Amino acid sequence: MDEIDAHFHVWELSRFSYPWPDSTVPKLFKDISFSDLTLELESAGVKHAVFVQVINNCIEEAEWVLKSGHPALRGVVAGVCLTDHKVLSVQMERLCHYDKFVGVRHIIDLESDPDWLIRDDVIEGLKIVAALDKTLDISSRPHNLHLVSQVAKQVPDLKIVIDHIAKPYVSKSLDVCPKWKKDMEDAAACPNVWCKISGLVTEVDPINHSAPWSSETFREHVNIVLELFGVERCMIGSDWPVLKLTDANYKEVNMLHKSLIAHLSESEQKSLLRSNAVKFYNLKGMPN
């Protein structure tokens, strides 16, 4: 099976101004190149991948990746201006010239307004995105996960994916954050919302990134996601190179994901590792 990694990043610190990574994370505060990506993908036998933005409202970052010509690149999720609709329309027209431009994301952690995602101007911007048949990645966390279902209901034609299963406290009992499950239930009740099983290992010890983990650390949360969304609305991504914060490598995380879905049928595993990313992002030239 030719897997698709539904979530990776690259960056070049001298090319753009990045809000993160910064000097507080020395393991990542350096150039992460396409050559580095090639080595990591090859280590796990992964041949296809989707880039997800790091900089808000910076289509130049997306164009840099789109023009890279990397043989594994199958889709690019860009940072656009969702609040100025004239600017957004120009940006979307420019990006839509590229077949591999598939969707948008805005890192809502960088916004001071906790309800930014459901502001009227943002919702209107998302309607423009939906009208062009592009997708939305949402980088939510437990404290703002409840906004996902609200957006999904206001823009029902927009396909939305929750990144990193909304970053729950995976090393602790669900009793620590019971609202995560309830808000996931509300999101999953919206047929246009999907979930990305990714970014797991960095949430075991999100401050020090030193606590040990095994597949059992994540099984309860991943099983809940699979139950709520169904296999048909989930996909898997590495979140490379952010996973390096834990000193894990790409192949280890790839094997972790496979161990968490090993109980599923072969066709269900294929859906999670490939077909669902093709369907969600409408990846061109990629059979399911």
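For the structure, check the block above.
On a predicted model such as this, the values are computed, not experimentally measured, just so you know.

Student: I tried to follow the overall build of the chain on my own but got confused; where do I start?
Tutor: Along the chain, the regular secondary structure elements total nine helices and eight strands. The C-alpha atoms of the chain give 18 Å as radius of gyration, which agrees with the globular expectation for 288 residues (19 Å, within 12%). When the backbone C-alpha atoms are referred to their principal axes, the chain occupies close to 50 × 40 × 40 Å. Within the span of the chain, comprising 288 residues, buried residues form 57% of the whole. Relative to all contacts within the chain whose residues are 6 or more apart in sequence, the contacts with residues 24 or more apart total 78%.

Student: Even after reading the chapter, I still don't get the side chain of His 106, so can you show me in this structure?
Tutor: By the secondary structure assignment, His 106 is in strand β4 (residues 101-106). Overall, His 106 belongs to the buried group, its relative accessible area being 9%. Of note is the side chain of His 106, whose polar atom sits 2.7 Å from the side chain of Glu 111.

Student: In this structure, what is going on with the packing of helix α2 (residues 59-66) against helix α3 (residues 85-95)? I would like to understand it.
Tutor: Each pair of packed helices can be described by the angle between their axes along with the distance between the axes. Contact pair α2 / α3: the axes reach a minimum separation of 11 Å and the direction vectors enclose 0°. Here α2 lies roughly parallel to α3, going by the angle between them. Residue-level contacts link Ile 59, Glu 60, Ala 62, Glu 63 and Leu 66 of α2 to Gln 91, Arg 94 and Leu 95 of α3. Its residues assigned to classes, the contact of α2 with α3 comprises four nonpolar, one polar and three charged.

Student: Can you walk me through helix α5 (residues 146-154) in this structure?
Tutor: Given 3.6 residues per helical turn, the α-helix brings residues three or four places apart onto the same face. Listing the buried residues of α5 in full gives Leu 147, Val 148, Ser 149, Val 151 and Ala 152. Looking at the buried positions of α5, the neighbouring elements they touch are α4 (120-131), β5 (135-138), β6 (160-162), α6 (178-188) and β7 (193-197).

Student: When you look at empty space enclosed by the protein in this model, what are you seeing that I'm missing?
Tutor: Sizing a probe to match a water molecule and rolling it over the atoms shows the empty space that remains. Taken as a whole and judged by the stated rule, the model has five cavities of 30 Å³ or more. Along its surface, the largest cavity is lined by Glu 3, Ile 4, Asp 5, Val 46, Ile 236, Gly 237, Ser 238, Tyr 250, Val 253, Asn 254, His 257 and Leu 273. Counting residues per element, the ones that place at least two in the lining of the largest cavity are β1 (4-8) and α8 (250-260). Of the residues in the lining of the largest cavity, the class split is six nonpolar, four polar and two charged. The computed volume of the second largest cavity comes to approximately 60 Å³. Forming the walls of the second largest cavity are Asp 99, Phe 101, Val 102, Asp 133, Lys 134, Thr 135, Lys 159, Phe 280, Tyr 281, Asn 282 and Lys 284. For the lining of the second largest cavity, the secondary-structure elements that each account for two or more residues are β4 and α9 (266-281). Taken together, the residues that form the lining of the second largest cavity break down as four nonpolar, two polar and five charged.

Student: Would you explain the pairing of β1 in this entry?
Tutor: Moving residue by residue along a regular strand, the side chains alternate between the two faces of the sheet. Extensive coverage of β1 is indicated by the burial of five of its five residues. A crossover links β1 with its parallel partner strand β2 (residues 48-52), the connecting element being helix α1 (residues 34-44), and its sense is right-handed.

Student: What am I meant to see in the packing of aromatic side chains here?
Tutor: The geometry of two aromatic rings is summed up by the distance between their centres and the angle between their planes. If you walk through the whole model with that rule in mind, you get eight aromatic pairs. Centroid distance Phe 16 to Trp 64: 5.9 Å. Interplanar angle 65°. Geometry classified as edge-to-face. Of this pair, Phe 16 sits in the loop between β1 and α1 while Trp 64 sits in helix α2; the two residues are 48 residues apart in sequence, bridging distant segments of the chain. Across the pair, exposure class does not vary: Phe 16 and Trp 64 are buried alike. Geometrically, the ring pair formed by Phe 280 and Tyr 281 is edge-to-face, given 4.8 Å between the ring centres and 80° between the ring planes. A relative accessible area of 0% means that Phe 280 is categorised as buried. Taken together, the ring pairs connect Phe 16, Tyr 18, Phe 34 and Trp 64 into an aromatic cluster. The ring centre of Phe 280 lies 5.4 Å from the NZ or CZ of Lys 159, which sits over that ring.

Student: In this structure, what is going on with the state of the cysteines? I would like to understand it.
Tutor: Every disulfide links exactly two cysteines, by a covalent bond between their sulfur atoms. Per the counting criterion, the structure on display carries zero disulfides. Here Cys 195 is not disulfide-linked; the sulfur of Cys 234 is the nearest cysteine sulfur, at 5.4 Å.

Student: So what exactly am I meant to see when it comes to the environment of Phe 101 here?
Tutor: Here Phe 101 shows up in strand β4. Taking the C-alpha atoms as reference points, Phe 101 and Tyr 281, separated by 180 residues in sequence, lie 9.1 Å from one another. Those residues in contact with Phe 101, other than ones at most four positions away along the chain, are Leu 66, Val 76, Ala 78, Met 92, Leu 95, Cys 96 and Lys 134.

What counts and how
- Residues numbered from 1 in each chain as written.
- Predicted model: local features only at pLDDT ≥ 70, side-chain atom pairs only at ≥ 80, totals over all residues.
- Heavy atoms only, no water.
- Helix = DSSP H or I, 4+ residues; strand = E, 2+ residues; numbered from the N terminus.
- Rg over C-alpha atoms; globule rule 2.2 N^0.38 Å.
- Buried < 20%, exposed > 50% of the residue type's maximum accessible area, 1.4 Å probe, protein only.
- Contact = heavy atoms within 4.5 Å.
- Polar contact = N/O pair within 3.5 Å; in protein donor to acceptor, adjacent residues only side chain to side chain.
- Axes fitted to C-alpha atoms, helices over the stretch in contact; angles between N-to-C directions.
- Parallel < 35°, antiparallel > 145°, perpendicular 65-115°, else oblique.
- Nonpolar A, V, L, I, M, F, W, Y, C, P; charged D, E, K, R; others polar.
- 1 Å grid on protein atoms, 1.4 Å probe; cavity = no way out; pocket = protein on both sides within 12 Å on 5 of 7 lines; lining within 4 Å.
- Points joined across faces, edges and corners; volume = space filled by probe spheres on them.
- Right-handed = clockwise from strand over helix to strand, strands pointing away.
- Phe/Tyr/Trp six-rings, centres within 6.5 Å; stacked < 30°, edge-to-face > 60°.
- Lys NZ or Arg CZ within 6 Å of the ring centre and 35° of its normal.
- Disulfide = S-S within 2.5 Å.

That's the geometry; what it means functionally is another story.
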